[in-house]
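Take a look at the letters that make up each chain.
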Amino acid sequence: MKPDLFQAPDYYNLDELLTDEHKMVRDAAREWVKREVSPIIEDYAQKAEFPKQIIKGLADIGAFGPYIPEQYGGAGLDQISYGLIMQEIERGDSGVRSTASVQSSLVMYPIWKYGSEEQRVKYLPKLASGEFMGCFGLTEPDHGSNPGGMITNFKDKGDHYLLNGAKMWISNAPFADIAVVWAKDESGRIHGLIVERGMEGFTTPETHNKWSLRASATGELIFDNVKVPKENLLPNKSGLGAPLGCLDSARYGIAWGAIGAAMDCYDTALRYSKERIQFDKPIGATQLQQKKLAEMITEITKAQLLTWRLGVLRNEGKATTAQISMAKRNNVDMALTIARDARQMLGGMGITGEYSIMRHMMNLESVVTYEGTHDIHLLITGMDVTGFAAFK
Ligand SMILES: Cc1cc2nc3c(=O)[nH]c(=O)nc-3n(C[C@H](O)[C@H](O)[C@H](O)COP(=O)(O)OP(=O)(O)OC[C@H]3O[C@@H](n4cnc5c(N)ncnc54)[C@H](O)[C@@H]3O)c2cc1C
């Protein structure tokens, strides 16, 4: 793979909206990605393997629980710093960002928000340091966009719960130490349970042959009469709103992350357009290639502004689920369009692993599907403005 020459576009001087702390956190993540992710990620994506050696580095840059209070091992940062870390990691690879998103927003967040103090103390510091890795089991083989229909369930057996069912498409599942699993009780109400690797009847087979997020491990979670101790139930929130609250936090991070992937594709295509000579002039001097680049930087700038504003709203506790939904949908679609155009700008070289673009493009096909598909997010916006739920 080519050396990482990334230069971040900032067309509207957005750095002026960031605090010194934001810039320090962002720059540390950017340097780490250049040093530790860019040189190795293509090889790991090619062999479809998660690079476990970067777990400690992810913890060191604050990627595991950026906004979790320091008393639980988190970095105690605000929502914009969280977003900037996700942007920089996904600039390297969406699969690596997925691992960080799951750990932070889908495992640490529910334990912090819905867990008991004993659960927080037991799990959060180890998750923040990367000593423990986690996964989040919501999706099932027959319930993806409609998770409320889940059939995974648990029964009260006096001194423990008995968990049965299966989850599919679970990021980090093949190596996770713990899983936050969403299941129905005997009355049909959804609860979160912490299931630990090694519990009898709990297995995590890996999903193979993905053409997307190849550097992220995906698997199933199978529960065959798993005895879960009663103290592993998350006591402070139940119902579908509990997992959806985690998704708000993760989708917000994805909205930032997608900008990172888009910036990397734009920056690569811009540099290539100045160096690649055809018909005795750089391809960047042709109107058609300039149109692509001009549209890319316009869309990146709009997404940066949208996401920064969303970060401010989240810091103030005012961002709605529908606002987060809009940013996730817009930014991932924006990144996918830019990746496709950038790939074409590199001609044949665009399909090789010499450049990051094709990998970003394939990764984004998962990002546009997970955490609510592109169409479902459109329907959430539609419901928000009309008051009618068209997906039900
Ligand atoms: C690589 C990867 C990693 C993932 N990681 C996780 C994870 O860690 N944890 C987890 O729980 N899940 C995870 N997922 C699952 C992901 O969230 C689901 O794939 C996603 O929610 C869509 O569900 P589905 O695949 O079952 O598609 P479906 O729900 O079957 O949807 C199929 C199509 O139908 C459309 N559709 C569905 N309902 C409607 C409707 N009412 N109106 C119009 N169109 C509709 C959808 O938009 C989509 O285009 C992951 C998925 C992938 C690919």
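Since the structure is predicted, the reported quantities are computational estimates derived from the model, not experimental observations.

(A) Geometry of helix 10 (residues 374–386). Spanning 13 residues, helix 10 covers 19 Å between terminal C-alpha atoms, matching the ideal 18 Å at 1.5 Å per step. If you follow the buried residues of helix 10, they end up packed against helix 6 (241–275) and helix 8 (321–345).

(B) Focus on the nonpolar core. Counting residues in hydrophobic clusters, the biggest one holds 64 residues, and the most contacted among them are Ile111 and Trp182. The biggest single contributor to this core is helix 4 (residues 94–114), with ten residues. Core analysis: the next-biggest nonpolar cluster, separate from the first, contains 34 residues, Ile259, Ala261, Ala262 and Ala335 among them.

(C) Representation of the pattern of salt bridges. For the structure shown, the criterion picks out 19 salt bridges. In this structure, the salt-bridge partner of Lys56 is Asp60, at a minimum N-O distance of 2.9 Å. Highlighted residues: Lys56 and Asp60, both in helix 2 (residues 55–60), separated by four residues, approximately one helical turn. By the burial criterion, Lys56 is exposed, and Asp60 matches it. Among the salt bridges present, the one from Glu365 reaches Arg340, with a minimum N-O distance of 2.5 Å. With Glu365 in helix 9 (residues 357–367) and Arg340 in helix 8, this residue pair connects regions lying 25 residues apart in the sequence. Residue Arg340 is classed as partly exposed on the basis of its relative accessible area, which comes to 38%. When salt bridges with common partners are traced through the structure, they connect Asp4, Arg91 and Asp264 into a single cluster.

(D) The arrangement of the site of the ligand in detail. The environment of the ligand is formed by 18 residues, the closest being Phe136, Thr139, Ser145, Trp169 and Thr373. In this structure, a nitrogen atom belonging to the ligand sits 2.9 Å away from a side-chain N or O atom of Ser171. Between a nitrogen atom of the ligand and a main-chain N or O atom of Phe391, the distance comes to 3.2 Å. Protein coverage of the free-state accessible area of the ligand, which is 980 Å², stands at 68%. Secondary-structure elements contributing two or more residues to the shell around the ligand are strand 3 (160–171) and helix 10. By residue class, the composition of the shell around the ligand is nine nonpolar, seven polar and two charged. Looking at the shell around the ligand, you find at least three residues from each of domain 2 (134–232) and domain 3 (241–386).

(E) Summary view of the domain arrangement of the chain. Looking at the chain, the domain boundaries give domain 1 (14–129), domain 2 (134–232) and domain 3 (241–386). For domain 2 versus domain 3, the separation of C-alpha centres amounts to 30 Å. Contacts between the two partners involve nine residues from domain 2 and, on the opposite side, eleven residues from domain 3. Summing the contributions of domain 2 and of domain 3, the shared interface buries around 810 Å²; its carbon and sulfur component is 75%. If you sort the residues of domain 2 by the area they bury against domain 3, Trp182, Ser212 and Leu213 come out on top, with a joint share of 47%.

(F) Broad picture of unusual backbone geometry. Positive phi is not limited to glycine here, since Asn13 has a value of about 50 degrees. Tracing the chain through its elements places Asn13 in the segment before helix 1 (20–46). The class for Asn13 is partly exposed, based on a relative accessible area of 43%.

The rules we used
- Residues numbered from 1 in each chain as written.
- Predicted model: local features only at pLDDT ≥ 70, side-chain atom pairs only at ≥ 80, totals over all residues.
- Heavy atoms only, no water.
- Helix = DSSP H or I, 4+ residues; strand = E, 2+ residues; numbered from the N terminus.
- Expected span 1.5 Å × (residues − 1).
- Contact = heavy atoms within 4.5 Å.
- Core = buried A, V, L, I, M, F, W, Y, C linked by side-chain atoms within 4.5 Å.
- Buried < 20%, exposed > 50% of the residue type's maximum accessible area, 1.4 Å probe, protein only.
- Salt bridge = Lys/Arg side-chain N within 4 Å of Asp/Glu carboxyl O.
- Near = heavy atom within 4 Å.
- Polar contact = N/O pair within 3.5 Å; in protein donor to acceptor, adjacent residues only side chain to side chain.
- Areas by Shrake-Rupley, 256 points an atom, 1.4 Å probe, with all protein chains shown as cover.
- Nonpolar A, V, L, I, M, F, W, Y, C, P; charged D, E, K, R; others polar.
- Domains from an automatic or database assignment.
- Buried area = accessible area lost by both parts, 1.4 Å probe.

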